[in-house]
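Inside the fold
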Amino acid sequence: MRVLVIGGGGREHALVWKLSQSPLLTKLYCAPGNAGIAEVAEIVAIAADDIKALVAFARAEKIDLIVPGPELPLTLGIADALEGHGLRCFGPVAAAARLEGSKAFTKDLLSECGIPTGFYSTFTDPDEARRYVREVGAPIVVKADGLAAGKGVLLCSTVEEAEDAIDRTMRSRVFGSAGDKVVVEEFLEGEEASFMAVTDGQTVLPLASSQDHKRALDGDRGPNTGGMGAYSPAPVVTAELHEQVMAEVMRPVVTGLADRGIRYRGVLYAGLMVTREGPKVLEFNVRFGDPECQAILMRLRGDLLEMMNATVDGELSTLSPQWDERPAVCVVMAAEGYPGNYEKGRVISGLEDLREWSDGVVFHAGTATDEGRVVTAGGRVLGVTAIGSDIDAAVGEAYRAVDAIRWEGVHFRRDIAHRALRQR
Ligand code: AMP
Ligand code: GLY
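Presented here is an overview of the structure given in this document. Note that the coordinates shown come from a computational prediction; the quantities given were computed from them, not determined experimentally. (Residues numbered from 1 in each chain as written. Chains lettered and ligands numbered in written order. Predicted model: local features only at pLDDT ≥ 70, side-chain atom pairs only at ≥ 80, totals over all residues. Heavy atoms only, no water.)

Things to note about the overall build of the protein
Selection rule: Secondary structure follows DSSP: runs of H or I at least 4 residues long count as helices, runs of E at least 2 residues long count as strands, and numbering of each begins at the N terminus. The buried label goes to any residue with under 20% of its type's maximum accessible area, the exposed label to any with over 50%, and the partly exposed label to all in between, with areas taken from a 1.4 Å probe on protein chains only. With residues, only the protein chains shown are counted as cover, and all accessible areas are computed by Shrake-Rupley using a 1.4 Å probe.
Check the secondary structure of the protein and you find 13 helices and 21 strands. Relative to its full complement of 424 residues, the protein shows a buried share of 57%. Accessible surface computed for the protein: about 17300 Å², of which carbon and sulfur atoms make up 46%.

Right, here's the structure in full:
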């Protein structure tokens, strides 16, 4: 099979790494890729949001399966466009991708389907939003409705902060048109967990559990990021919680969409808060989590391409993926300044010695090559991912590799998997 992966981050490197092991694969492309991906797949210089060019490439190269990594091409309708030309896409059509693209759509669907989530109200008028906030009080959460590069969620501990958040989102429009509508939502307390499943619109097949670390600094302090590390499995997702999430969240949302004539195919990611009253949905993503994907794929024993084919063909009920019992840990190494502005072009050393690493893989996220050297080219630069006999061994192995890699200004967290280490 000829496969095209779309994207150029750590998640996409993990996807091409795993896909490249499939006996079904004959040719692998990635657009736009990065320096690490270039070692496994043929790089195509098309941006991940250039739907027209991507579809044209897939048609010209007779691609059998297209795998968008990030949400943007999906919310822009790449699955619809590909299917219009008879091409197969592992990922939802735009109507289903609204689960990530519109928070208001998602909250309405959740409440109509009786899926547990915080109370909320949606506004297009800032004065009404402010009135609501004064009525319900703080702490409270203000969310821009549309995609805002992960920055549109404002946790407010006072009513004044919330009113300011509404003004910044709706009047100053700091997130552009994503803030034309806001969702004001209950502040939920508990432990967060990521729950991912693949679905063909009927069968919902859970993937291994995982947890990421969103804050920039040790001890879960500092600004929010795309994710500074992840591990799998997540002890907070007990067998009982797993069943509850499948029965109360994952299956009902897929059925709820199907009842509305929308077929969901691809990965469905629920961001959950495990509260004292049980799991509640914070958000959905319509793709693999990054860096959760890196940790999870390290543990997948089966053929990822087979799983993706079964998803697209509506045959997931025939599969039951096997997972390596051993835990996996991914430590993100980031550029100086990330998640704010960061420098590019710093030379990375130490990668050569890790080529033959037997217990892990250094996934590239923001890298490029410059005169034969690997240099930084993004905020999250590498996702150093290891597997070990237990969580301590996996963490130890990951950090041994991290300590062998260097560039000027590199920063990373020292406490990835601290919750799992504590529960052990
Ligand atoms: P999101 O972009 O929806 O993932 O939100 C970013 C982060 O904000 C989440 O990972 C949570 O830590 C936090 N968050 C979002 N919604 C809520 C909520 N209703 N209550 C508490 N924390 C939240
Ligand atoms: N790691 C969180 C996300 O991919 O959205």
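So much for the structure itself; the text now carries on.
Digging into the state of the cysteines
Filter applied, for reference: Disulfides are defined in this document as cysteine sulfur pairs within 2.5 Å.
The full count for this structure, using the stated rule, is zero disulfides. A disulfide-free cysteine, Cys293 has its sulfur positioned 9.7 Å from the sulfur of Cys330, the nearest such atom. Accessibility expressed as a relative area gives 0% for Cys293, which makes it buried.

Topic: the site of ligand 2
As a reminder of what qualifies: Here a residue counts as near a molecule or strand whenever at least one of its heavy atoms sits within 4 Å of it. Two N or O atoms form a polar contact when they lie within 3.5 Å of each other; inside protein one atom must be a possible hydrogen donor and the other a possible acceptor, and for residues adjacent in sequence the pair counts only when both atoms belong to side chains. In this count, Pro and Cys sit with the nonpolar residues alongside Ala, Val, Leu, Ile, Met, Phe, Trp and Tyr, while Asp, Glu, Lys and Arg are called charged and the others, Gly among them, polar.
Every residue lining ligand 2 is accounted for by Asp212, Gly226, Tyr269, Asn285, Arg287, Gly289, Asp290, Pro291 and Glu292. Asp212 is positioned such that a nitrogen or oxygen atom in its side chain is 2.7 Å from a nitrogen atom of ligand 2. The contact in question runs from an oxygen atom of ligand 2 to an N or O atom on the side chain of Arg287, over 2.8 Å. Considering ligand 2 on its own, with 200 Å² of exposed area, one finds that the protein chains cover 89% of that surface. For the shell around ligand 2, a count of residues per class yields two nonpolar, three polar and four charged.

Some details on the nonpolar core
So the rule is basically this: Residues belong to a common nonpolar core when they are buried Ala, Val, Leu, Ile, Met, Phe, Trp, Tyr or Cys residues joined through side-chain atoms within 4.5 Å. Any two residues whose heavy atoms approach within 4.5 Å are treated as being in contact.
Counting residues in hydrophobic clusters, the biggest one holds 52 residues, and the most contacted among them are Leu99, Met250 and Phe284. In terms of residue count, helix 9 (residues 239–259) provides more of this core than any other element does, eight residues in total. Ignoring any residue separated from it by four or fewer positions in sequence, one finds Met250 in contact with Phe195, Ala197, Val204, Val245, Leu268 and Ala270. Within the second largest apolar cluster, 42 residues are counted, among which are Leu65, Val198, Val267 and Leu300.

Describing helix 8 (residues 159–171)
Convention followed: Multiply 1.5 Å by the residue count of a helix minus one, and that product is the helix's expected span.
Helix length check: helix 8 (13 residues) gives 17 Å between terminal C-alpha atoms against 18 Å at 1.5 Å per residue, within 8%. Turning to helix 8, its buried residues number three or more, namely Val159, Ala162, Glu163, Ala165, Ile166, Asp167, Thr169 and Met170. On the buried face of helix 8, the contacting elements are strand 5 (120–123), helix 7 (126–136), strand 6 (140–144), strand 7 (153–156) and strand 8 (182–186). Phi for Arg173, located one or two positions after helix 8, is positive at around 50°.

Comments concerning a nonpolar patch on the surface
Counted only if it meets this: Patches here: salt-bridge-free residues with over 30% relative accessible area, like charges joined within 9 Å, nonpolar side chains (Val, Leu, Ile, Met, Phe, Trp, Tyr) joined within 5 Å. We define a salt bridge as a side-chain nitrogen of Lys or Arg found within 4 Å of a carboxyl oxygen belonging to Asp or Glu.
On the surface, Leu72, Leu76 and Leu147 cluster together into a nonpolar patch covering about 240 Å² of accessible area. By the element assignment, Leu76 lies in the loop between helix 3 (71–75) and helix 4 (78–84).

Here we look at the pattern of salt bridges
Within the structure shown, the criterion is met by 33 salt bridges. Notably, a salt bridge pairs Arg88 with Asp313, separated by 3.1 Å at the nearest N-O pair. Here Arg88 is found in the loop between helix 4 and helix 5 (94–101), whereas its partner Asp313 is found in the loop between helix 11 (304–312) and strand 17 (328–334), with 225 residues between them in sequence. Of the residues examined, Asp313 reaches a relative accessible area of 39% and is grouped as partly exposed. For Lys214, the salt bridge is made with Glu283, and the minimal N-O distance between the two is 4.0 Å.

A closer look at the site of ligand 1
With respect to spatial proximity, 13 residues lie near ligand 1, and among them Glu185, Glu186, Leu188, Glu192 and Glu283 are the closest. Contact between ligand 1 and Leu188: a nitrogen atom at 2.8 Å from a main-chain N or O atom of the residue. Glu283 places a polar side-chain atom, nitrogen or oxygen, 2.8 Å from an oxygen atom of ligand 1. Taken by itself ligand 1 offers 470 Å² of open surface, and the protein chains cover 91% of this. Those elements that provide at least two residues to the shell around ligand 1 are strand 6, strand 7, strand 8 and strand 16 (278–285). For the shell around ligand 1, the class distribution of residues is seven nonpolar, no polar and six charged.

A word on unusual backbone geometry
Here Ser232 and Pro233 are connected by a cis peptide whose omega angle stands at 0°. Take Pro233: it is sitting in the loop between strand 14 (229–232) and helix 9. Here the amide bond leading from Tyr338 into Pro339 is cis, since omega sits at 10°, within 30 degrees of zero. Within the fold, Pro339 resides in the loop between strand 17 and strand 18 (360–364). The backbone of Lys62 sits at a positive phi, close to 50°, despite the residue not being glycine. Along the chain, the position of Lys62 falls in the loop between helix 2 (51–60) and strand 4 (65–68). Phi at Arg173 is positive, roughly 50°, even though this residue is not glycine. With respect to the helices and strands, Arg173 occurs in the loop between helix 8 and strand 8. Take Arg173: its relative accessible area is 42%, and that puts it in the partly exposed class.

Remarks on the sheet that holds strand 17
Filter applied, for reference: At least two bridges found by DSSP between two strands is the condition for calling them paired.
Pairing within the open sheet is antiparallel, and its five strands lie in the order 11-14-17-21-18. The open sheet has two free edges, formed respectively by strand 11 (211–212) and strand 18, since each of these has just one partner strand. Relative to strand 21 (residues 380–387), strand 18 is paired through five bridges, and the arrangement is antiparallel. Looking across to strand 21, one finds that Phe363 is bridged to Gly383.

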